[in-house]
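Read off the chains here:
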Amino acid sequence: MKQQEPIISNPMSFSKRKKGNSSAYRRVLLAGIILIAMFMMFAFGLIFDVTTKKDSAIFADEKKSSSFSNETQLARSSDVDKNLLRREADDDLTPEDEDRNGTLVVITKHGFIRIVLQPDLSPESVAYIKEFVAANDCSKCQFYRSEKDLLLQGMMKNPNLPSTEAFGKCPDPNYQPECKDLKCSCHGPIMTRGMVGWAGGRPGGPHWFVDVRKTSVDVWGHQHTVWGELQDEESFLTIQTIQALPVTMAGVSGLYYLDEKIEFTLTLE
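Just so you know, these numbers come straight off a predicted model, no measurement behind them.

## Details of the pattern of salt bridges
Pairing is possible between side chains of opposite charge, provided their charged atoms come close. Scanning the entire structure with this criterion turns up 5 salt bridges. Among the ionic pairs, Lys109 bridges to Glu260, the shortest N-O distance being 3.0 Å. Residue Lys109 is found in the loop between strand E1 (103-108) and strand E2 (111-117), and its partner Glu260 is found in strand E9 (residues 256-263); the two are separated by 151 residues along the sequence. Its relative accessible area of 48% is what places Glu260 among the partly exposed residues. When salt bridges with common partners are traced through the structure, they connect Arg114, Glu234 and Glu269 into a single cluster.

Structural data, given as structure tokens:
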């Protein structure tokens, strides 16, 4: 029998295999390093992007905050300028300008009656009327008496606001009354068409009237405290409309009263 020869490994073949395995290992290692590098680059890129956006947002907020702060400063500066202008305007006002505060508007369902206030004739009455309007309570404001071509009389009453007790100014410092009665006293000018004053020669309300006489006749003398005057035709037309309404004479007094009282409200303009 032929003896089988032992198998002897070839050193060269082993070396080649070893060399091949080493090359494959290096390729795998290189691929792993490349993958790790790509992953790290991706991660760093992601972190950089987030950081950039955060910084941008912070910068935008700071810019917005700065812009808001500038706008606020400008607004405050503008308010200061307006207040300064108001103070300067107030400093330029004369006492006459401060007393002159427009027109009292009597608002009825038949139209408006505009009464130009006259503080030079009765500053206390004008101050009271302004206070009355500011109180915003005209629940007892109404016209009730109508004497055609003579007067229209009404009432403005607020139980929580006492009327003034000061008479108007006498236009004649040398005036000498002819009697001791109230009708002989001097509390204002002789009334003419359009003038407005407190009724009955009293120093204040609640009763007041408008002189609507077409001709001026001295029937009341200087006894009435005058505090306003009508100066527009629309107001007289409103009064004419009211005076065309039905009236009834009360007993033997000879006074004519409206069958239906005309309520009104007041405002200033």
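Next comes the rest of the account.
## Some thoughts on the pairing of E1
Of all the 6 residues making up E1, 5 are buried; the element is thus mostly covered by neighbouring parts of the structure. Pairing of E1 with E2, which is carried by 6 bridges, proceeds in the antiparallel orientation. Note that in E2 the partner of Val106 across the bridge is Ile113. What sits between E1 and E2 in their antiparallel hairpin is a turn of 2 residues. Across 4 bridges, the pairing between E1 and strand E10 (residues 265-268) is antiparallel.

## So, the pairing of E9
By the bridge criterion, 3 bridges tie strand E3 (residues 140-147) to E9 in an arrangement that is antiparallel. From the neighbouring strand, Arg145 faces E9, where its bridge partner is Tyr257. Across 3 bridges, strand E8 (residues 247-249) lies against E9 in antiparallel orientation. Its bridge partner being in E9, Val247 is matched across the sheet by Leu258. Counting the residues in the hairpin turn of E8 and E9 gives 6 residues, including Gly251, whose phi is positive at 55°.

Scoring rules and cut-offs
- Residues numbered from 1 in each chain as written.
- Predicted model: local features only at pLDDT ≥ 70, side-chain atom pairs only at ≥ 80, totals over all residues.
- Heavy atoms only, no water.
- Salt bridge = Lys/Arg side-chain N within 4 Å of Asp/Glu carboxyl O.
- Helix = DSSP H or I, 4+ residues; strand = E, 2+ residues; numbered from the N terminus.
- Buried < 20%, exposed > 50% of the residue type's maximum accessible area, 1.4 Å probe, protein only.
- Pairing = 2+ DSSP bridges.

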